[in-house]
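# A look at the structure
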Amino acid sequence: MNAGAIRRDAGSGNLAARSVPPAARRSPGLVVAALVLLVILAPATAAFVGGRLTSQALAIGTSVLLAAVVAVGVNVTVGFAGMLNLGNSLFFAIGAYVAVHAATTWGLPGAATFLVAVAACVGVAGALGLLLLRASGLQFGLMTIGVALVTYTVLIAWTPVTGGASGTSTAGPIREGGLPAVLSLGPWEIVTPRDHFVAAVALAMLCLASMVLLRRTRLMVRWECARDDEFLAASVGIDVARVRAAAYVVGSVPAGAAGVLFAYWSVLVTPSSFGFAEGSIEPLAMVILGGAGTVLGPFVGAAVVVGLPELLRGFADYAVLGYGVLLLLTVRFAPGGIVGTVAEWWARVRATREGA
Amino acid sequence: MTIFVQQLVNGMVLGSAYLLVGMGLYIVFNALHIPNFAHGEMFALGSYLQYTFVVGLGLAFWPGLVMVVGCVFVVGAAMALAVFERLRGMATTALLLASIALSIVLQEVLAVVWGRDALAVTPPVDTVIRLGELAVSAYRLILVLVAGTVAILVALVVYRTTFGRRLRAIAQNDQLAALSGIRSRRVAVVAFALGSCLAGLAGALLAPALSINPHMGLAQTLVAFVILVVVGAGAKLSTVVATALGLALLETMVAGYVSNTLRLTVVFAVLIAFLTLRPNGVSRTAVSVRGAL
């Protein structure tokens, strides 16, 4: 059973042409410069625009961006490496609960919190990967579902650490006013909703830039080989299990970072954000809808899955039904997702133009 | 000791649901190679239909059960024709994604039709059998008997009838079966409907024992998948039954002696340990025979 053939079915028979994307022909220096500009300019723009947005728009924007960052991680395992990862809620939860403890009991500064959360995710993913990646395909998918369920149960049952079903918060004791903790990144203190929005933009752009760079590495080629045909990949000397373990670890990092920002932003952290449907299926739906294996796919997917229901408030009851139907139609008619389908259409248009 | 026997009985009740649901998914997966994540929703649909027939329309319990089986059979056939026949030839992962999407859609449809609040059905018999300190409701014993009988009937159909022979033929090699004159698509659709209505029957049978809600199918789906993966491909249905009962006993014993919240956690811990040792399941079959039933 070979995983991730969802993109191969997209009619992209030109695998050879795709493995050397046009971007790879551009000089690395130019790309890095462009990405650095993006990572600096986008938050700056967000800071400027954010001042004019309503608090509701800021909240929607932040939740879409945080969801997108989680989806970026899922995209690494599902889209790039073709492993059906249904247990990503674990790493989002690790990030969030580490942040709560960093803010309340450990008193860590912001940058250190991010480091601890990401390190915890990498450690857990590395150890779990050793166990889970003995299986592949359906078995792997099922085991990750197990991870998601165990995560949720532990969050509810391990009351001293997680606060149980009622959750825990980054806010200090009530007698000191119960104010939410402030995330301080060096000189920059993240307090207002606008600050959180800007931080989410920065994190999202950082993820975007990392993905663009990641796509140019050898590891990416190995992932794609293992995804498209694991036996063929093994035959040319790719250690499939190890490459997949790497994907599992890399995919856990964005979720951990997003978890930290999520905890500081939402203040109250409850297990309901990390259930199977919310924590694992929704990010997967974003990746598939947006375009598995594309850089922009998770962002588009997050905008659709999280953003659209916010805009169509009157139909809130049907939001989940809507994205379920969309997901089903995507798998059937546009396995490349929104971004993949548009890219394919654009490539065809360009090909006809050059041919003419 | 009382706890032990009580949990043993509970395990048998849970196990009867698991074996019906598990057999259904096993047939669907082995014959059609569809990892149907929406299988548990057929269980939920069975419960809801039973609620409508018994509480809504005032039918007696047992005729209602028969009607549920018929209805879920039709729904299953419709699902096979409308969705899965159109996804033929896709990779397992893509099929799993599609069926996850389908299960989301079905859950929401259940919620729209019957509402999100939990519903309940009263059992047809409310006699309680007492043996010393042990109290077991008669309905639970009947439930186990019905499930056992149905399991035997299904095994007879699969291993002793012409339809079963065709089913096993398409499970082994779809194209060869078609070449020898079996209308493989028709057999596949009927097999899918059969698998679905087994889950529906389990849902209807257990309706008095559960709180009926739109998301009740997920646990059943997961258990059915655990059974599928633990059994592995190419085993007989008797292995599925044994695994289902074993799993249910494990779960109820954990619930009885350790903690009720940990029951699924322990099941998945055992699954991970098991798959680490035996990645291909319990059955030791040659690769060429895998996929048989």
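Going by the structure above, here's the rest.
Residues numbered from 1 in each chain as written. Chains lettered and ligands numbered in written order. Predicted model: local features only at pLDDT ≥ 70, side-chain atom pairs only at ≥ 80, totals over all residues. Heavy atoms only, no water.

Residue and element names in this part refer to chain B. Along the chain, the position of Ala207 falls in the loop between helix 8 (184–206) and helix 9 (217–231). Residue Ala207 is classed as buried on the basis of its relative accessible area, which comes to 0%. Considering only alpha carbons, one finds Ala207 and Leu119, 88 residues apart in sequence, at a separation of 9.2 Å. Each residue touching Ala207, except ones within four places of it in the same chain, is listed here: Ser47, Gln50, Val121 and Ile212. (Helix = DSSP H or I, 4+ residues; strand = E, 2+ residues; numbered from the N terminus. Buried < 20%, exposed > 50% of the residue type's maximum accessible area, 1.4 Å probe, protein only. Contact = heavy atoms within 4.5 Å.)

In the structure shown here, the tally under the stated rule is seven salt bridges over all chains. Note that Asp228(A) and Arg227(A) form a salt bridge whose closest N and O atoms lie 3.1 Å from each other. Per residue, the accessibility class of Asp228(A) equals that of Arg227(A), and both read buried. Linking Arg263(B) and Glu251(B) is a salt bridge whose minimum nitrogen-to-oxygen distance equals 2.9 Å. Of this pair, Arg263(B) sits in helix 11 (residues 263–277) while Glu251(B) sits in helix 10 (residues 237–257), and the two are 12 residues apart along the sequence. By sharing partners, the salt bridges in this structure join Glu224(A), Arg227(A) and Asp228(A) into a single network. (Salt bridge = Lys/Arg side-chain N within 4 Å of Asp/Glu carboxyl O.)

Before going further, it helps to examine helix 14 (residues 276–290) of chain A. Residue and element names in this part refer to chain A. The first and last C-alpha atoms of helix 14 sit 20 Å apart over 15 residues, in line with the 21 Å expected at 1.5 Å per residue. Maximal helix bending in helix 14 amounts to about 30 degrees, located at Glu282; proline Pro283 follows within four positions. With 12 of 15 residues buried, helix 14 is to be regarded as a mostly interior element. When we look at burial in helix 14, the residues that qualify are Phe276, Gly279, Ser280, Ile281, Pro283, Leu284, Ala285, Met286, Val287, Ile288, Leu289 and Gly290. Just past helix 14, the residue Gly291 takes up positive phi, approximately 135 degrees. (Expected span 1.5 Å × (residues − 1). Bend = angle between axes of the 7 residues up to and from the residue.)

The next thing to look at is the interface of chain A and chain B. On the side of chain B, 39 residues touch chain A, which itself brings 36 residues to the contact. Contact between chain A and chain B buries roughly 3400 Å² in total, counting both sides, with carbon and sulfur atoms accounting for 83%. On inspection of chain A and its partner chain B, the count reaches zero salt bridges. In this structure, the connection of chain A to chain B is made through two residue pairs in polar contact (both at pLDDT 80 or more). When contributions to the side of chain A that touches chain B are tallied by element, the ones reaching two or more residues are helix 1 (5–8), helix 7 (110–132), helix 8 (138–157), helix 14 and helix 16 (319–333) of chain A. Its residues assigned to classes, the side of chain A that touches chain B comprises 26 nonpolar, six polar and four charged. (Buried area = accessible area lost by both parts, 1.4 Å probe. Polar contact = N/O pair within 3.5 Å; in protein donor to acceptor, adjacent residues only side chain to side chain. Nonpolar A, V, L, I, M, F, W, Y, C, P; charged D, E, K, R; others polar.)

Attention shifts here to helix 9 of chain B. Side chains three or four residues apart in an α-helix point the same way, a direct result of the helix having 3.6 residues per turn. Across its 15 residues, helix 9 of chain B extends 21 Å between first and last C-alpha, which sits within 8% of the 21 Å expected from 1.5 Å per residue. Counting buried positions along helix 9 of chain B gives 13 out of 15 residues, so the element sits mostly inside the fold.

Bringing unusual backbone geometry into the picture now. Even without a glycine there, the phi angle at Val267(A) is positive, about 65 degrees. Within the secondary structure layout, Val267(A) lies in the loop between helix 13 (240–266) and strand 4 (268–269). One non-glycine residue, His33(B), adopts positive backbone phi at about 60 degrees. Summarising the element assignment, His33(B) is placed in the loop between helix 1 (2–32) and helix 2 (39–56).

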